[in-house]
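Chain residues, written in single-letter form:
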Amino acid sequence: MKNRKIIGVLIVVGVLCPSLGIAQVCTLVNKTQDGRYKVQIEEKTYATVDVEGSKDIIFLTEKIEDLQKKLDQADALIRQYETTIKEYESQRAHQREYVTTLESVRDDYKKLAEEASRLNKGSIVTFEVGLGATNEDLKPAVMAGLGLWRFRIWGFVQEKNPGVLLGASLPIF
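Given the structure is predicted, the values throughout are model-derived calculations rather than measurements.

Details of the environment of Leu165
The residue Leu165 is located in strand 7 (residues 163-168) in this model. For Leu165, a relative accessible area of 38% corresponds to the partly exposed category. Linking Leu165 and Arg152, residues 13 residues apart in sequence, is a C-alpha distance of 8.3 Å.

This is the structure:
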């Protein structure tokens, strides 16, 4: 039984320390209180583990490798997220620039509309004249008028039919 443990210890040392090589001389230093052995190979001293301990070490090594893979995947995701964030920030900068341009265009249209409205108001005093015919005999009639802002007064003259009209000019569109 003792030889099996020593052989197990040597196998574990050989597995854990492949750089040491099996052909090197291994000296058993002593047995610790917890049942492990101290082994000396050349000038270095190593603590050995039993079979259960080696299974735990192998399990933990696999667990560490799995966690390292997950950590690498998380790092890759973080790099991808950082790239995405930079792209979104660039896109937002372009959108802010576009909004500024649109606001400038809107302000220019407002100024244009105000100028058109100012020009559309027309003159304060106007003179209006027109020709036409009335009744069945189609006798000529002349109409003339004066306007002050939007208020109008017209007079018309026809052969035996003079008259006066009052009105207002109201924009529809």
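Next comes the rest of the account.
Observations regarding the sheet that holds strand 4 (residues 125-134)
Consider a sheet: its strands pair through backbone hydrogen bonds, and that pairing is either parallel or antiparallel. Overall, antiparallel pairing links the four strands, which are arranged 4-5-6-7 in an open sheet. Pairing within the sheet leaves two strands with one partner each, and these edge strands are strand 4 and strand 7. Across the sheet, the mean angle from the axis of one strand to that of its neighbour is 20 degrees, orientation sign disregarded. Pairing geometry for strand 4 and strand 5 (residues 139-148), over 10 bridges, is antiparallel. Its bridge partner being in strand 5, Thr134 is matched across the sheet by Lys139.

Overview of the confidence of the model for the protein
Mean pLDDT over the protein: 80, with 81% of residues reaching 70 or higher. Taken element by element, the predicted model of the protein shows its lowest mean pLDDT in helix 1 (residues 2-16) (56) and its highest in helix 2 (residues 51-120) (92).

Points about unusual backbone geometry
As a rule of thumb, non-glycine residues mostly have phi less than zero, and peptide bonds are mostly trans rather than cis. Its identity is not glycine, yet Glu42 carries a phi of approximately 55 degrees, on the positive side. Along the polypeptide, Glu42 turns up in the loop between strand 2 (37-41) and strand 3 (44-47). Overall, the relative accessible area of 55% leaves Glu42 in the exposed class.

Thresholds applied
- Residues numbered from 1 in each chain as written.
- Predicted model: local features only at pLDDT ≥ 70, side-chain atom pairs only at ≥ 80, totals over all residues.
- Heavy atoms only, no water.
- Helix = DSSP H or I, 4+ residues; strand = E, 2+ residues; numbered from the N terminus.
- Buried < 20%, exposed > 50% of the residue type's maximum accessible area, 1.4 Å probe, protein only.
- Pairing = 2+ DSSP bridges.
- Axes fitted to C-alpha atoms, helices over the stretch in contact; angles between N-to-C directions.
- pLDDT = per-residue confidence, 0-100.

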